[in-house]
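Inside the fold
This is what each chain is made of:
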Amino acid sequence: MQTSPPVPPRKSMTPWFALAAVVVAGVVVWSLMSGPSTDPATTSATPPAATETAPTVQPTTPAPATPPATGTAPATPNSGTTQP
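Here we summarise the structure given alongside this text. All of these numbers come straight from a predicted model, not from anything done at the bench.

Moving on: the overall build of the chain. On a plain count of helices and strands, the chain comes out with two helices and zero strands. A burial count over the chain gives 0% of its 84 residues as buried. Summed over all atoms, the accessible surface of the chain reaches about 8,900 Å², with 67% contributed by carbon and sulfur.

Following this line, the structure appears as structure tokens:
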């Protein structure tokens, strides 16, 4: 009777997956850190262009003046008289 040779144990792929995860995380961190240090939109010398326009102001006709009521007190209390 002949026996078959023993099957070698299967190698685990876990270390390769862990290494790939570390490399991917490193690439993501490097790409985020290598960008500009400030936002050029907030540090530019010129203000950003307006996105909305203001409504146009329509001229209005002033209300007609009302004549002063008769029998009211004069505007200055001592008009026409002199005080010492």
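Along its 20 residues, helix H1 (residues 14–33) runs 29 Å from first to last C-alpha, staying within 8% of the 28 Å computed at 1.5 Å per residue. In terms of burial, H1 is largely open, as just zero of its 20 residues are buried.

With that settled, consider a nonpolar patch on the surface. A surface patch of nonpolar side chains, about 680 Å² in accessible area, is lined by Met13, Trp16, Phe17, Leu19, Val23 and Val27. The residue Val27 is located in helix H1 in this model.

Reading the values: rules and limits
Residues numbered from 1 in each chain as written. Predicted model: local features only at pLDDT ≥ 70, side-chain atom pairs only at ≥ 80, totals over all residues. Heavy atoms only, no water. Helix = DSSP H or I, 4+ residues; strand = E, 2+ residues; numbered from the N terminus. Buried < 20%, exposed > 50% of the residue type's maximum accessible area, 1.4 Å probe, protein only. Areas by Shrake-Rupley, 256 points an atom, 1.4 Å probe, with all protein chains shown as cover. Expected span 1.5 Å × (residues − 1). Patch = residues over 30% accessible without salt bridge, like charges linked within 9 Å, V, L, I, M, F, W, Y side chains within 5 Å. Salt bridge = Lys/Arg side-chain N within 4 Å of Asp/Glu carboxyl O.

Take it as geometry only, folks, not as evidence of what the structure does.
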